[in-house]
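# Residue-level structure breakdown
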Amino acid sequence: MKSFAISGSLRENVGKRDAKELRYQSLVPAVLYGGETQTHFAVSAADLKAVVYTPVVHFIDLDIAGQKAQAIIKDIQFHPLTEQLLHVDFLQLDENKPIAIEIPVKLTGTSPGVKVGGKLVQKLRKLRIKGLPKDHLDNIEVSIEELEVGKSVRVRDIKLDNLTITNAQEDTIVSVTTSRALRQAEQEAAKGK
């Protein structure tokens, strides 16, 4: 999985007034937990944009005043009106502890059902997977090469080495449905017989 480096500075005070002052300086209050202690720090809002506003999941190499840790973003808070980043929670990774994160689904190939006029419907754009950090993937590839009209790919059809998909096994990832144009063509063909 891809890594992204972010540096931060320790927060001297923790509280609403301190957090507000940090935001005026274009900094975002953050916390790193999951290790021996929680670390409260601040990071530049500009540094976070490349990680937050992307569908790609990154491991983050944090450098907080010389203290290094590998983490993932666990939670982000935005202002309800301005969409300004208000707070970020980072979860420190341990190579021996499994983590659960959402990974994007990437469709590969061309569906024969779409070629004959069917409509491709992607129900799930991300899957929740659980496993050790070293086993996590950038994305989960789902082949639609054999997807005919009326067929679908479900979570149970996806097999991953050393990773467990925690979505319901019956959930549909992608399907090909009958489009209006295909339905009309079938009705006209039936009338013509």
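Please refer to the structure placed before this passage.
First things first, this report covers the structure right here in the doc. Fair warning: this is a prediction, and the values are worked out from it, not measured in the lab. (Residues numbered from 1 in each chain as written. Predicted model: local features only at pLDDT ≥ 70, side-chain atom pairs only at ≥ 80, totals over all residues. Heavy atoms only, no water.)

Next up on the list: helix α2 (residues 45–52). Those residues of α2 lying buried are Leu 48, Val 51 and Val 52. Across the axial projection of α2, the buried residues extend over an arc of 85°, all falling on one side. In this structure, the buried residues of α2 make contact with β1 (3–10), β2 (27–33), β3 (39–44), β4 (59–64), β5 (67–78) and β6 (85–92). Of the residues flanking the start of α2, the one acting as N-cap is Ser 44, its side-chain oxygen 3.3 Å from the backbone nitrogen of Ala 46. (Buried < 20%, exposed > 50% of the residue type's maximum accessible area, 1.4 Å probe, protein only. Helix = DSSP H or I, 4+ residues; strand = E, 2+ residues; numbered from the N terminus. Arc of directions from axis to C-beta. Contact = heavy atoms within 4.5 Å. Polar contact = N/O pair within 3.5 Å; in protein donor to acceptor, adjacent residues only side chain to side chain.)

Two aromatic rings are characterised by how far apart their centres lie and by the angle between their planes. Going through the model one piece at a time under the given rule, you end up with 2 aromatic pairs. With 6.3 Å between their ring centres and 45° between their planes, Tyr 53 and Phe 78 make a pair best called tilted. Here Tyr 53, found in the loop between α2 and β4, pairs with Phe 78, found in strand β5; they are 25 residues apart in sequence, far enough to count as distant. Overall, Tyr 53 belongs to the partly exposed group, its relative accessible area being 48%. (Phe/Tyr/Trp six-rings, centres within 6.5 Å; stacked < 30°, edge-to-face > 60°.)

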